[in-house]
Each structure stands twice: as C-alpha cells, then as structure tokens.
Amino acid sequence: MSAFFHTDIGIIILTLLESLAIIVPLLLGVAYLTWFERKVMGAIQLRKGPNVVGPFGLWQPFADAIKMLFKETIFPAGADKILFTIAPMITFGLAVIAWAVIPVNDHWAVANINVGILYLFAISSLGVYGIIIAGWASNSKYAFLGALRSAAQMVSYEVSMGFVIVTVLMCVGSLNLNDIVLAQRHVWFAIPLLPLFVIFFISGLAETNRAPFDLAEGETEIVAGFFVEYSAMTFALFFLGEYANMILISAMTTTLFLGGWLSPIPFAPFTLIPGVFWFLLKILVCLFVFVWVRATLPRFRYDQIMSLGWKVFLPISLIWLVLTAGFLEIFGMLPHA
C-alpha cells in the first residue's frame, strides 16, 4: 500500500482524499455556522432563533440549501450571463482552495509548502475579483456601487494585514505556517503583538465585508450591494463564500496569533487532547466574536471605514513593524538567512 502511494496515481489519489478531508468538514462547518450565527444573535436579542426544523433547529441549514437548490436563477436584462455566473464561483472557490496550506495539526496540511503564508495572502487578495465581476456583470447601478465600495475597502485593509503578517514572519524567520505555529510553543504571538492581533482581526472583519464593515451590501442605501441581482444557487454561493471566508480568517488568526493546534494549558491532561480539538475550539471562539460584533455594533459610515484603515491601522502596523524589527535586532533575535 505504501509503495502504491509513492506512484503518480497514488499521490493524486492521496491528495484528493486529503482535499476531501478538508472540504467536506468545511462545507458542513459553513452550513452550521449559519445556524450558529442565528442562534447566538437570537440569544443576544432575547429570542429563540431557528427552532422549528428538527431538534433545536439543527436541520435548518439543510432546509435552506434545498430551498436555494430548487429556486430559479434569474439573469437581469443586459447582464453578462457568463461572468454573472462565474463571479460567485470565484468567491466560493477561493475561500475553499486557501485551506490547502492551513495546518490543522502538526504537519497536517494538504500542502505543507515553505511559502504558505504568501499563498494565503495571494488567495485573500484575489477575493476582490469575484465581487468586482459580480457588480459589473449584473448591469445594475446598485450592484456596481457595492462592488466599488468593497474593492476599495478590501484593498485598504489588506495593506495593514500585510504589515501585520510581515511582523509575524520577522519573529519566526519562516514563511511556513507549521513553523509559525511551533514558534508559539512558549508564548502566543497575540500577547507580545497584541495591537497587531487586534488590527488583524478587525481587518479580517473588513475583508469579509462583515458588520460593522458591511457597506458593500448596505441594505439601507444600495439595496444589498454587489449581489442584489443574484438568486437561487448563485446567491447561495456568495452566501457560502462569505461564511467560508469567516472560517478562513478565524483559522489564519488562530495560526498566526493563537498558537494553532497547541494547547492553551501546557500541562497534562490538556496536552494529551488532540491538537485538532484545540484548533477547532479557537476557530469557534473567533467565529463567536464575528457574530458578537455583528449583533452589537452599528454600521460605520464609509468615510469612517476608510479613515480607520488608512489613518489608524496603517500607521500603527507600520510603526509596530519597525519597533519589532529594532527590538529583534538589538537583542540579537532577528533571524538571518
């Protein structure tokens, strides 16, 4: 059997199995994240949330999926049908393929490449294309306005995220995500790099167009924004893409700042618990904060969002990058090639 997996066909089959081991739980996680969000928001707003379809409303995500599957896909007059259909596929596809390099445990990644963090940053940067294409192909002023808002917002906050990631990489001396997690054996980077941890997570909210940064789909002024003309499964793919990106940002936050699969309590019996459990638990905590923020904070004005990104986050992340580099160099801790 081991000899078979060393052949080309065996490697392909093994890669497919590893991919399915990531994609299937991810799709289930996306489905139940919608249920989790509605339950948490219901509790915050003193109501029940989904509670009719199945016990505790647990079958609600499947009911929603079946409803979307059997609805008719409507193409607006004058829309580019090909690009209109491709746009949600791009958004959802990018959210899935980014997981190829995420280590859920020690060396448990589909592709444990040495430039994993650059791969993640490149994939997250491409996410804007799906939204821009959707806004343009819809042949709608509201959709196009939402797409332009989202593009400017995502580009603005990616700059700060880039400086944050560079600071983490300086502390580790490696672009490998597995090495980044192992470098946090003694202390999570969220502690010495606390301001950058906060900036990264808030920028993640902006990257995923989540409240209070949901100006791209502001119902009160541009009627749901870039996907206003979408329906049925094309809308569902955008919906799934947003929630998959939430899980991805939570996984990146966990990997870069919260010690990945490492136990938060370095003593037995906690160290005996599988690392996958700790990884998933940390992701769940981050997702709870996503929902918590949505349920409690009002939407910002657009000028406030841009000012926060360019006038607050960018200077702080840049200054912290310089201070970190100076500290590591002075104390001889800066990794050298």
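Position numbers for residues count from 1 along each chain, tracking the sequence in the order it is written. This being a predicted model, a pLDDT of at least 70 is required before a residue's local features are given, and a value of 80 or more before pairs of side-chain atoms are given or counted; all residues contribute to the totals for chains, interfaces and linings. Heavy atoms from the whole structure form the basis of all side-chain values; hydrogens and water molecules are not counted.

## A closer look at the overall build of the protein chain
Secondary structure summary: the protein chain contains 11 helices and zero strands in total. Reading the secondary structure of the protein chain in the N-to-C direction produces α-α-α-α-α-α-α-α-α-α-α. Its C-alpha atoms give the protein chain principal-axis dimensions of about 60 × 55 × 45 Å. Under the scheme applied here, a residue whose accessible area is under 20% of the maximum for its type counts as buried, over 50% as exposed, and between as partly exposed, the area being computed with a 1.4 Å probe on protein chains only. A total of 337 residues make up the protein chain; the buried ones form 46% of that total. Within the protein chain, residue pairs in contact and separated by at least 24 positions form 76% of the contacts whose partners lie at least 6 positions apart. This count recognises Lys and Arg as positive and Asp and Glu as negative, with His and chain-terminal groups excluded. Here the site of a charge means atom NZ of a Lys, CZ of an Arg, CG of an Asp or CD of a Glu. In the protein chain, which carries 16 positive and 18 negative side-chain charges, the distance between the mean positions of the two groups comes to 11 Å. Numbering goes from the N terminus for both helices and strands, where a helix is a DSSP run of H or I of at least four residues and a strand is a run of E of at least two. Contacts were defined at the residue level, with two residues in contact if any of their heavy atoms lie within 4.5 Å.

## Quick notes on a nonpolar patch on the surface
Only residues whose relative accessible area exceeds 30% and that take part in no salt bridge are eligible for patches, with like-charged residues grouped when within 9 Å of each other and nonpolar side chains (Val, Leu, Ile, Met, Phe, Trp, Tyr) grouped when within 5 Å. Surface exposure here means Shrake-Rupley accessible area, sampled with a 1.4 Å probe, where a residue is shielded only by the protein chains that are shown. The term salt bridge refers to a side-chain nitrogen of Lys or Arg lying within 4 Å of a carboxyl oxygen of Asp or Glu. Taken together, the side chains of I9, I13, L17, L20, V24, L28, W59 and F62 make up a nonpolar region of the molecular surface, amounting to roughly 750 Å² of accessible area. In terms of residues, the nonpolar patch owes the most to one element, helix α1 (residues 8–44), which gives six residues. Its location among the elements puts F62 in helix α2 (residues 60–70).

## Let's talk about helix α10 (residues 275–296)
With 22 residues, α10 should cover 32 Å at 1.5 Å per step; its first-to-last C-alpha distance of 32 Å lies within 8% of that length. Of all the positions in α10, only G275, W278, F279, K282, I283, C286, L287, F290, V291, V293 and A295 are classed as buried. For a helix, the expected span equals 1.5 Å multiplied by the number of residues minus one.

## Some thoughts on the packing of helix α7 (residues 194–207) against α10
Each axis is a line fitted through C-alpha atoms, taken for helices only over the stretch in contact, and angles between the N-to-C directions span 0 to 180 degrees. Packing of α7 against α10 brings their axes to within 12 Å, and their N-to-C directions diverge by 60°. The interaxial crossing formed by α7 with α10 has right-handed handedness. Side by side, α7 and α10 meet where F201, G204 and L205 of the first sit next to C286, V289, F290 and V293 of the second. Here a crossing is called left-handed whenever its near helix is offset anticlockwise from the far helix by less than a right angle, and right-handed whenever the offset is clockwise.

## Brief notes about the nonpolar core
Here, nonpolar core means buried Ala, Val, Leu, Ile, Met, Phe, Trp, Tyr and Cys residues that are tied together by side-chain atoms lying within 4.5 Å of each other. The biggest cluster of nonpolar side chains holds 67 residues, and the ones touching the most others in it are W99, L120 and F257. Formed by 15 residues, the second largest nonpolar core is a distinct cluster that contains I131, I133, M154 and A216.

## Remarks on the side chain of S317
With respect to the helices and strands, the residue S317 is situated in helix α11 (residues 302–330). The residues contacting S317, other than those within four sequence positions of it, are S160, F163, V164, L196 and I199.

## Comments concerning the pattern of salt bridges
A complete count under the given rule lists six salt bridges for this structure. Where R38 meets D64, a salt bridge forms, and the shortest distance between an N and an O atom there is 3.0 Å. Here D64 lies in helix α2 and R38 lies in helix α1, a separation of 26 residues in the sequence. Given a relative accessible area of 23%, D64 falls into the partly exposed group.

## Describing α7
Helix length check: α7 (14 residues) gives 20 Å between terminal C-alpha atoms against 20 Å at 1.5 Å per residue, within 8%. Burial runs high along α7: 10 of the 14 residues are buried. At its buried positions, α7 is contacted by α4 (116–137), α5 (141–172), α9 (232–257), α10 and α11. Residue N209 follows α7 closely and has a positive phi angle near 55°.

## Points about the side chain of D214
As for its position among the elements, D214 is in the loop between α7 and α8 (219–222). D214 sits in the buried class, given a relative accessible area of 13%. Once residues within four sequence positions are removed from consideration, D214 is found in contact with N209 and R299.

## Regarding the packing of aromatic side chains
Aromatic pairs are defined between Phe, Tyr and Trp rings, using the six-membered ring for Trp, whenever the two ring centres lie within 6.5 Å; interplanar angles under 30 degrees are classed as stacked, those over 60 as edge-to-face, and all others as tilted. Summed over the entire model, instances satisfying the criterion amount to 16 aromatic pairs. Summarising the aromatic geometry, the rings of F213 and F300 are spaced 5.5 Å apart at their centres and angled 90° between planes, so their arrangement reads as edge-to-face. Taken together, the positions of F213 in the loop between α7 and α8 and F300 in the loop between α10 and α11 put the pair 87 residues apart, joining distant regions of the chain. Overall, F300 belongs to the partly exposed group, its relative accessible area being 28%. For R210, the ring lying beneath its charged end belongs to Y243, and the centroid distance is 5.6 Å. The rule for a charge over a ring is simple: NZ of Lys or CZ of Arg within 6 Å of the ring centre, and within 35 degrees of the ring normal.

## Some thoughts on the state of the cysteines
A pair of sulfur atoms, both from cysteines and within 2.5 Å, is called a disulfide here. Summed over the entire model, instances satisfying the criterion amount to zero disulfides. Free of any disulfide, C171 has its nearest neighbouring cysteine sulfur in C286, separated by 19 Å. In this structure C171 comes out as partly exposed when scored by relative accessible area, which is 25%.

## A word on unusual backbone geometry
In this structure, F56 takes a positive phi of about 60° despite not being glycine. You can see F56 is positioned in the loop between α1 and α2. The exposed category is assigned to F56, whose relative accessible area is 63%.

## Things to note about the packing of helix α3 (residues 81–97) against α9
Packed helices, taken two at a time, are described by the angle their axes make and the gap between the axes. In the contact formed by α3 and α9, the axes pass within 8 Å of each other and the chain directions differ by 25°. Considered as vectors, α3 and α9 are oriented roughly parallel to each other. Considering the relative orientation of α3 and α9, their crossing is left-handed. Side by side, α3 and α9 meet where A87, P88, M89, T91, F92 and A95 of the first sit next to T234, L237, F238, L240, G241, A244, N245 and L248 of the second. Partitioning the contact of α3 with α9 into residue classes produces 10 nonpolar, four polar and no charged. We call two directions roughly parallel when the angle between them is under 35 degrees, roughly antiparallel when it is over 145, roughly perpendicular when it lies between 65 and 115, and oblique otherwise. Each residue receives one of three labels: charged for Asp, Glu, Lys and Arg, nonpolar for Ala, Val, Leu, Ile, Met, Phe, Trp, Tyr, Cys and Pro, and polar for the others, Gly being one of them.

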